[in-house]
Amino acid sequence: MIHIQQQIQLKPFNTLQLDVIASHYVKINSVHALIDALEYAHTHDLNVLVLSGGSNMLLPQYVDALVIHMDIQGYEIINESAEHVLVNVGAGENWHEFVLKTTENGWYGLQNLALIPGLVGASPVQNIGAYGVEVGEFIEQVHVYDRKLQAVKSIDAQDCEFAYRHSIFKDDPERYVITHVSFKLLKTPKLKLNYGDLLKAVGDDKTPENLQKQVIAIRQSKLPDPKEYPNVGSFFKNPVISSQEFDQIHTKFPTIPHYPQPDGRTKIAAGWLIDQTGWKGKKLGCVGMFEKQALVLVNYANATLTDVQHTYRAVQSDVAQKFNVRLEPEPVLFNSNGLITSH
C-alpha cells in the first residue's frame, strides 16, 4: 500500500535546500511499492521525478509531478570467495554509511569514496568518483525497474557504459529506476594513493582504515557540511580537454593541476580554474563559491534556482573568458514538469 501526499515541501530532501513544492510525493521502500507508484503516475497522467539523496539535483520552486523518494534499505551477501565478496545493497542506503560498513567488514575498494553525500542508488548514475577511484570499477550489476519494458531487470556493469561522471542511466534518465546495486569488493586491499595529496596524508600507515580516515579528514577540511552550508558537493566537472588545448593553457599557466588520461586527453582541475578567476569565497547575492574549496557552490540564504543559475553561469563565463574552457555543471537540472532539462 502506497501513501501519496500532495503539495509537499522538498527543502529537507535536497542538500542545496532550495525551497521546492512537489504536487505529489511518495516514499518507496520496496520494488512492489515502486511499481504501484509508477502505475499511479500513469493513471493520473503525472510525470515522475525519482528522488534519491537529493545531493546532485537543481529543482525549480514548483514541481508538477509525482516525486518518488527511494528508501529501499538493507544489504545482503550474494556470494563470497577468498578474493572477493559480492554484496547487494538497497538504493535507499546512505552511501557514506555503506562505505564505512564495507571497511568494518574487511571489504575493500570504496574507501576513496567516503563522505560523498547521497544514497547508494544514485552512485551508478553519475559514476561517482573521488581521489582516483570511480564506483563503476566495483559495481557488478545494477538492478532496475525498466519503465520502457515494464519489467524488473539486472544490468551487468559492462552494459552500464561507465565513464567519467557518466552511465546509461544518465543517458536515458526517464527509463530506469534503480532499486539495488551489487558491488564486487576485494578481500585483500589494493590502495589507490596516487591522487592529489592522498599519499602524503596517508603516510606510512598504508591501511584501508587509515586511507578512509584521511579521505574523510581531507574532505571535511575542504568541503562544507551541507547542514551548515547547503551545497551539492563539487558543482562542476573537471574538464577533459585535448592535448592541443592543454598545451595552449599549460604554456600560459604552467602550475595548472592536470591528470593525463588513457585516451591521450588531459583532465584539468575545475576548482583551480575557478580559483584563478577570483571566485573562491566570492558571492553573487545569496549564492557563492565556498571559501575553502572553489568547486563548491553554497546557498547562503534561502536561494532559489534562479539565484543559483545566476551564480554558476557567471562562474562559467569568467572561466571561459580566461581559459577558453567551458565548465559543465555536475548536478542535474529539472524543469517544473519534473523532467530533466539542459543547463
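Predicted model, so just to flag it, every value in this text is computed and none were measured.

Asker: Describe the overall build of the chain, listing the residues and the values that go with them.
Answerer: Within the chain one finds eight helices and 21 strands. Expected size for 343 residues packed as a compact globule is a radius of gyration near 20 Å; at 20 Å, the chain falls within 12% of this value. Principal axes of the C-alpha set define a box for the chain whose edges measure 60 × 55 × 35 Å. Counting only residues that meet the buried cut, the chain has 51% of its 343 residues in that class. Within the chain, contacts between residues at least 6 apart in sequence are counted, and of these 61% link residues at least 24 apart. Carbon and sulfur atoms make up 48% of the accessible area of the chain, which totals about 15,900 Å². Each charge class in the chain was averaged separately, 30 positive and 37 negative side chains, and the resulting centres sit 6 Å apart.

Asker: Give a detailed account of the UniProt feature "active site" (unreviewed entry) in the chain, specifying residues and quantitative values.
Answerer: Under the UniProt annotation, "active site" (unreviewed entry) lies at Arg165, Ser234 and Glu330. The greatest C-alpha distance among the annotated residues, which extend across 166 residues, is 11.7 Å, indicating that they converge on a single site. Residue Arg165 is classed as buried on the basis of its relative accessible area of 11%. Apart from residues lying up to four places away in sequence, Arg165 is in contact with Gln126, Asn127, Ile128, Gly129, Glu134, Lys170, Lys237 and Glu330. Only 3.1 Å separates the side chain of Arg165 from the backbone oxygen of Gly129, close enough to count as a polar contact. Topologically, Ser234 is positioned in strand S13 (residues 231–234). Every residue in contact with Ser234, bar those within four places of it in the chain, is listed here: Leu295, Val296 and Glu330.

Asker: Run through the sheet that holds strand S5 (residues 62–70), naming residues and quoting values.
Answerer: The strand order across the open sheet built from four strands is S1-S2-S5-S3, with neighbouring strands paired in mixed fashion. Taken across any chain shown, the strands that pair with only one partner, and hence form the sheet edges, are strand S1 (5–9) and strand S3 (48–51). With strand direction ignored, the average angle separating the axes of adjacent strands in the sheet is 45°. In the sheet, S1 pairs with strand S2 (residues 21–28) via four bridges, with the strands oriented antiparallel. Considered in S2, the bridge of Gln6 is made with His24. Helix H1 (residues 31–43) rests against S1, S2, S3 and S5 of the sheet, and its axis sits at about 165° to S5.

Asker: I'd like a description of the packing of aromatic side chains, backed by residues and values.
Answerer: Each aromatic ring pair is summarised here by two numbers: the centre-to-centre distance and the angle between the ring planes. Taken as a whole and assessed by the stated rule, the structure comprises 13 aromatic pairs. Both rings, one in Tyr229 and one in Tyr300, keep their centres 6.1 Å apart while their planes meet at 75°; by these two values the pair is edge-to-face. Taken together, the residues Tyr229 in the loop between helix H5 (208–222) and S13 and Tyr300 in the loop between strand S19 (296–299) and helix H8 (305–323) connect sequence positions 71 residues apart. Taken together, the ring pairs in this structure connect Trp95, Phe98 and Phe183 into an aromatic cluster. Positioned above the aromatic ring of Trp279, the side-chain terminus of Lys282 is 4.4 Å from the ring centre. Its end group placed over the ring of Tyr300, Lys283 keeps NZ or CZ at 4.2 Å from the ring centre.

Reading guide: rules and limits
Residues numbered from 1 in each chain as written. Predicted model: local features only at pLDDT ≥ 70, side-chain atom pairs only at ≥ 80, totals over all residues. Heavy atoms only, no water. Helix = DSSP H or I, 4+ residues; strand = E, 2+ residues; numbered from the N terminus. Rg over C-alpha atoms; globule rule 2.2 N^0.38 Å. Buried < 20%, exposed > 50% of the residue type's maximum accessible area, 1.4 Å probe, protein only. Contact = heavy atoms within 4.5 Å. Areas by Shrake-Rupley, 256 points an atom, 1.4 Å probe, with all protein chains shown as cover. Lys, Arg positive; Asp, Glu negative; His and termini not counted. Charge placed at Lys NZ, Arg CZ, Asp CG, Glu CD. UniProt positions renumbered as here; feature names shortened; annotations may be inferred. Polar contact = N/O pair within 3.5 Å; in protein donor to acceptor, adjacent residues only side chain to side chain. Pairing = 2+ DSSP bridges. Axes fitted to C-alpha atoms, helices over the stretch in contact; angles between N-to-C directions. Phe/Tyr/Trp six-rings, centres within 6.5 Å; stacked < 30°, edge-to-face > 60°. Lys NZ or Arg CZ within 6 Å of the ring centre and 35° of its normal.

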